[in-house]
Amino acid sequence: MLKAFTFENGGRTYQCRLEEPRGSRTQAWWWFDVSEDGQRYAPFEATDTDTESSVRERVMAYYDHLLVRRAEPPAQRQHWARRTKPTPAEGAAGVPAVEPAAAEAAEG
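Bear in mind the structure is a predicted one, so any value in this text is a computation, not a measurement.

*Asks:* I tried to follow the overall build of the chain on my own but got confused; where do I start?
*Replies:* On a plain count of helices and strands, the chain comes out with two helices and four strands. Starting at the N terminus, the α and β elements of the chain follow one another as β-β-β-β-α-α. Counting every position in the chain, which comprises 108 residues, the buried fraction comes to 19%. Looking at the chain alone, contacts between residues at least 24 apart form 29% of all its contacts between residues at least 6 apart. Here the chain displays about 8,400 Å² of accessible surface, and carbon together with sulfur accounts for 52% of that area.

Right under this line is the structure:
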């Protein structure tokens with residue numbers, strides 16, 4: 001198994017280490033810290049085929065994806081108690097149903 005290692009990419013320093021199983025965990029996991037980020041991450045389990053290069057690639061891909069998700073605007077959700085309920089005249093999507101005769105009268 002690999003030992004802890006450090007690498008730099010994109011102006012950030014990544015410190016990777018393997019933590020052995022403890023408690024109810026039966027597998028070792030790769031943990032990493034990133035400079036200027038106070039969070040520590042454990043994105044994947046260790047395997048016998050891990051190399052420093054393969055772990056580095058997975059860590060960078062994971063962290064880059066995380067940064068993209070963080071940059072996205074938050075999803076707008078309604079609180080369950082405040083959600084609007086469709087009336088019987090509305091369709092499943094909450095859009096009023098339009099009768100064909102009413103649509104023709106509106107056009108002409």
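Next comes the rest of the description.
*Asks:* Quick question: what am I supposed to make of the nonpolar core here?
*Replies:* Across soluble globular proteins, you tend to see nonpolar side chains buried next to one another. Phe7, Tyr14, Cys16, Trp30, Phe32, Val59 and Tyr63 are the most contacted members of the largest nonpolar core, which totals 17 residues. Elements supplying a minimum of two residues to this core: strand 1 (5–9), strand 2 (12–19), strand 3 (29–34), strand 4 (37–45) and helix 1 (52–71). Of all the elements, helix 1 adds the most residues to this core, at five residues.

*Asks:* I tried to follow the sheet that holds strand 4 on my own but got confused; where do I start?
*Replies:* The strands making up a sheet associate through hydrogen bonds between their backbones, and the pairing can be parallel or antiparallel. Within the open sheet, the four strands sit side by side as 1-2-3-4. Their pairing is antiparallel. Strand pairing shows two members of the sheet lacking a second neighbour, strand 1 and strand 4, which therefore form its edges. In this sheet, adjacent strand axes meet at a mean angle of 25 degrees when their direction is disregarded. Pairing geometry for strand 3 and strand 4, over five bridges, is antiparallel. Of the residues in strand 4, the one forming a bridge with tryptophan 29 is glutamate 45. Seen against the sheet, helix 1 touches strand 1, strand 2, strand 3 and strand 4 and runs at an angle of roughly 125 degrees to strand 4.

*Asks:* It is not clear to me how the environment of proline 43 should be interpreted in this structure. Could you clarify?
*Replies:* In this structure, proline 43 sits in strand 4. For the pair formed by proline 43 and tryptophan 29, sequence separation is 14 residues and the distance between their alpha carbons is 7.8 Å. With residues up to four places along the chain from it excluded, the contact list for proline 43 reads Trp29, Trp30, Phe32 and Tyr62.

*Asks:* Explanation requested: the pattern of salt bridges in the structure shown.
*Replies:* Pairing is possible between side chains that carry opposite charge, provided their charged atoms lie close to one another. Under the defined criterion, the tally for this structure stands at six salt bridges. The closest approach of N and O atoms between glutamate 19 and arginine 40, which form a salt bridge, is 2.8 Å. Of this pair, glutamate 19 sits in strand 2 while arginine 40 sits in strand 4, and the two are 21 residues apart along the sequence. Classification of arginine 40 by relative accessible area gives partly exposed; the value is 31%.

Rules used in this analysis
- Residues numbered from 1 in each chain as written.
- Predicted model: local features only at pLDDT ≥ 70, side-chain atom pairs only at ≥ 80, totals over all residues.
- Heavy atoms only, no water.
- Helix = DSSP H or I, 4+ residues; strand = E, 2+ residues; numbered from the N terminus.
- Buried < 20%, exposed > 50% of the residue type's maximum accessible area, 1.4 Å probe, protein only.
- Contact = heavy atoms within 4.5 Å.
- Areas by Shrake-Rupley, 256 points an atom, 1.4 Å probe, with all protein chains shown as cover.
- Core = buried A, V, L, I, M, F, W, Y, C linked by side-chain atoms within 4.5 Å.
- Pairing = 2+ DSSP bridges.
- Axes fitted to C-alpha atoms, helices over the stretch in contact; angles between N-to-C directions.
- Salt bridge = Lys/Arg side-chain N within 4 Å of Asp/Glu carboxyl O.

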